[in-house]
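Architecture and fold: a report
Residues per chain, in single letters:
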Amino acid sequence: MEAMVKKYQQRFRKVRDEMDRWSSLQSRLISQFRNASSIIQRLQVLLDSKKYVRLKDVVGIQEAVLAKQMESLRKILFSMNKTMEEFHGIVLSLGKIHRDGRQMVKGGGSNQLTVKQLQQRVGVKPRLADCLDGLMLLQDMHCSEYLLKSSLVSALSALTFKPRCVIASDLGALQQLLVDQPNIPNEEVQFIFDIIFAEEIC
Amino acid sequence: MATVDLTEPPTVETLCPETPSSFSSSPPLSPKSATPCPQNPTQSPSSPSSVLATPLARLWRPTAQRNLRNQWSKLASYRQQWASSSSTARSHATALVNAYLSQKYMPSMELGALRDIPNIKKKASQKLFKQQVLHRGKLLSSYKHMVSVVIHMVNISRSMKCFLKGASSSPLVHFSGYSEDKNDPGDGGGIPVFTFWTISCFEEVAEELVQMFILELNLKRLLVVELLSISCKVPPLNSLHWSDELYPGEFSDLSICNLYSEETCKPVYPRLDDQKSGMPAARFNQQPDHDVLQVYLTTWLAEVNIDSDRVDEIFVEVGDEMHVMIS
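What comes next is a walk through the structure. (Residues numbered from 1 in each chain as written. Chains lettered and ligands numbered in written order. Predicted model: local features only at pLDDT ≥ 70, side-chain atom pairs only at ≥ 80, totals over all residues. Heavy atoms only, no water.)

Further remarks concern the overall build of chain A. Within chain A one finds seven helices and zero strands. In terms of overall size, chain A is more extended than a compact globule, its C-alpha atoms giving a radius of gyration of 24 Å where 202 residues would be expected to give roughly 17 Å. Dimensions of chain A along its principal axes, counting C-alpha atoms only, are 80 × 30 × 25 Å. By residue count, 44% of the 202 residues in chain A fall in the buried class. Across chain A, the fraction of contacts at a sequence separation of at least 24, relative to all contacts at a separation of at least 6, is 82%. Of the roughly 10,400 Å² of accessible surface on chain A, 55% is carried by carbon and sulfur atoms. Mean positive and mean negative side-chain charge positions of chain A (29 and 22 charges, respectively) differ by 4 Å. (Helix = DSSP H or I, 4+ residues; strand = E, 2+ residues; numbered from the N terminus. Rg over C-alpha atoms; globule rule 2.2 N^0.38 Å. Buried < 20%, exposed > 50% of the residue type's maximum accessible area, 1.4 Å probe, protein only. Contact = heavy atoms within 4.5 Å. Areas by Shrake-Rupley, 256 points an atom, 1.4 Å probe, with all protein chains shown as cover. Lys, Arg positive; Asp, Glu negative; His and termini not counted. Charge placed at Lys NZ, Arg CZ, Asp CG, Glu CD.)

So, on to the overall build of chain B. The secondary structure content of chain B amounts to eight helices and four strands. Counting from the amino terminus, helix and strand elements in chain B follow one another as α-α-α-α-β-β-α-α-β-β-α-α. Put simply, chain B has 327 residues, and 46% of those count as buried.

What follows covers the packing of helix H3 (residues 54-105) of chain B against helix H5 (residues 199-229) of chain B. All names here are of chain B. The contact between H3 and H5 brings their axes to 12 Å, and the two run at 15°. Of the possible angle classes, the one that applies to H3 and H5 is roughly parallel. When you trace H3 past H5, the crossing you get is left-handed. Taken together, the residues of H5 that come into contact with H3 (itself represented by Trp 60, Leu 68, Trp 72, Leu 75, Arg 79, Trp 82, Ser 86, Ala 93, Leu 96 and Val 97) are Ile 199, Phe 202, Val 205, Ala 206, Leu 209, Val 210, Phe 213, Glu 216, Leu 217, Lys 220 and Leu 227. Per-class residue counts for the contact of H3 with H5 are 17 nonpolar, one polar and three charged. (Axes fitted to C-alpha atoms, helices over the stretch in contact; angles between N-to-C directions. Parallel < 35°, antiparallel > 145°, perpendicular 65-115°, else oblique. Left-handed = near helix turned anticlockwise from the far one by under 90°. Nonpolar A, V, L, I, M, F, W, Y, C, P; charged D, E, K, R; others polar.)

The next point concerns the interface of chain B and chain A. Between chain B and chain A, the residue contacts involve 32 residues of the former and 19 residues of the latter. For the pair chain B and chain A, the two sides together bury roughly 2,200 Å², of which 63% comes from carbon and sulfur. Summed over the three residues of chain B that lose the most area to chain A, namely Asp291(B), Val295(B) and Thr298(B), the buried surface amounts to 21% of that side. Here chain B and chain A share four salt bridges between them. Between Asp309(B) and Lys75(A) there is a salt bridge, with the nearest N and O atoms lying 3.8 Å from each other. Summed over the shared surface of chain B and chain A, the number is six residue pairs in polar contact (both at pLDDT 80 or more). Secondary-structure elements contributing two or more residues to the side of chain B that touches chain A are H5 and helix H7 (290-302) of chain B. Its residues assigned to classes, the side of chain B that touches chain A shows 18 nonpolar, five polar and nine charged. (Buried area = accessible area lost by both parts, 1.4 Å probe. Salt bridge = Lys/Arg side-chain N within 4 Å of Asp/Glu carboxyl O. Polar contact = N/O pair within 3.5 Å; in protein donor to acceptor, adjacent residues only side chain to side chain.)

We now examine a nonpolar patch on the surface. On the surface, a nonpolar cluster with roughly 270 Å² of combined accessible area is contributed by Leu47(A), Met70(A) and Phe161(A). Relative to the helices and strands, Leu47(A) is located in the loop between helix H1 (2-46) and helix H2 (61-106). (Patch = residues over 30% accessible without salt bridge, like charges linked within 9 Å, V, L, I, M, F, W, Y side chains within 5 Å.)

All names here are of chain A. Overall, the coordinates contain four cavities of 30 Å³ or more when judged by the stated rule. Within this model, the second largest cavity holds a volume of roughly 60 Å³. Considering the residues around the second largest cavity, the lining is formed by Met 1, Glu 2, Val 5, Gln 120, Arg 121, Val 122, Lys 125, Pro 126, Arg 127 and Leu 128. Of the residues that constitute the lining of the second largest cavity, the class distribution is five nonpolar, one polar and four charged. (1 Å grid on protein atoms, 1.4 Å probe; cavity = no way out; pocket = protein on both sides within 12 Å on 5 of 7 lines; lining within 4 Å. Points joined across faces, edges and corners; volume = space filled by probe spheres on them.)

What follows covers the nonpolar core. Residue and element names in this part refer to chain B. Trp 72, Leu 75 and Phe 202 are the most contacted members of the largest nonpolar core, which totals 139 residues. Here this core gets 18 residues from one element, more than from any other, and that element is H5. Non-local contacts of Leu 75, meaning those with residues more than four positions away in its chain, are made with Met 153, Ile 156, Met 160, Ala 206, Leu 209, Val 210 and Phe 315. (Core = buried A, V, L, I, M, F, W, Y, C linked by side-chain atoms within 4.5 Å.)

The next thing to look at is the pattern of salt bridges. Evaluation of the coordinates by the stated rule reveals 21 salt bridges over all chains. Ionic pairing is found between Lys51(A) and Asp291(B), a salt bridge with its closest N-O pair at 3.9 Å. Pair noted here: Lys51(A) is in the loop between H1 and H2 and Asp291(B) is in helix H7, and the two residues belong to different chains. As far as burial versus exposure is concerned, Lys51(A) and Asp291(B) are alike and both buried. The closest approach of N and O atoms between Arg79(B) and Asp312(B), which form a salt bridge, is 2.9 Å. One end of the pair, Arg79(B), is in helix H3; the other, Asp312(B), is in helix H8 (residues 308-322), and 233 residues separate them in sequence.

Read these as geometric descriptors, not functional statements.
Printed below as a string of structure tokens:
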């Protein structure tokens, strides 16, 4: 039993590494999002030829500036999609860790564990059921958050040529959702890890 | 007569088709291909008409190679300097614009609890005014630095050649960056310096590169003139015109970059690479609003004249040819 718990703790350490990777991707995505939204907000102004005043004497300037900004926006959206692919990679990896964990208890017919064994507690060590639930919860959270992020990114690119008033408020809301990560409540994550690594806390 | 023909072959002129050290105000578009200079069979190194005889070419080549590597690594470093001073200038410009807009909106600003402090709006306005003076100075000095960066680039792009120094009869061979003999085009008789490219190939891409920065400097000057002119005072105190010299010696700096017209005694008006130069319309005395300033700052950021992909490509191509990494 103890060896099993050790194996699970090993898996949770892997999960923690993946979550660290997630956090660095999260900050990257936020800065990409900010850059993209400032360009989107500027586009409306740039489309208005009256706003060029003195620059109008430079033939072709409006088209050139717009083209450059669109190109930068395209590049940012492209790299956001790359970031999303990396998020997806983490979700897949968490899924695999969870599946492998389940395999350990439901493996071959001979070593199938009983409900009693799953619920058995040794000292401060986590029950096997805690381990299984934890892995599943963490995987679920990240999977839902990934889906939310995907829809935020597509909503962002859909905003490109919307009227200015819509853009300003919508961008704010999208960014808030992106920063908050509502599907990954910090306390709950901390709670799971506290149970799994209770002995290290004591 | 026969000896004269040998020392001054007519082909010397054709080896170096473009005037080496002048940027015409409307240069021909350089071909933007991966291999800018297809090998010309008449430029073969063993050609008897080559100015440098083969033993001399053997000595010329390493010096020319060293020179090119130096010049291109300097170009790369000035490119970085341009990027950093352009971005510094942009933050000064943004700070200037923000201070100006805050001062402009001060009379209508709702100050809440601070409302009762005597002269609060007046004092805040004065402070914002002082900030504008400060940022204006910083913007100007960043602009000045950008001009100096472009001047360096122009000078480098004109220093690709490597000339024979001293009499050719001397037993010791020296080379220099300056021509002492008008019969020496400084290109080793058009032989490839490293593998394929001749001196004029390097000059051609250098000119293409530097031209982007020259055009962008010119556009940024227009933005600097406009940004330095913003003011809440009526009539504006610091209104500038395109024909004003922004700092002492600016016009002589600009003429090095071919951005100053001796004919009109004014700086050349900005244009984009593929467009004709426009004529500045009469000045609006109306002060720019938030959106206009936003457009100005975005134009500063966009660097429309600098195709950064192409710039990267040039450095990679040149680096490949010289067997070094330039960055």
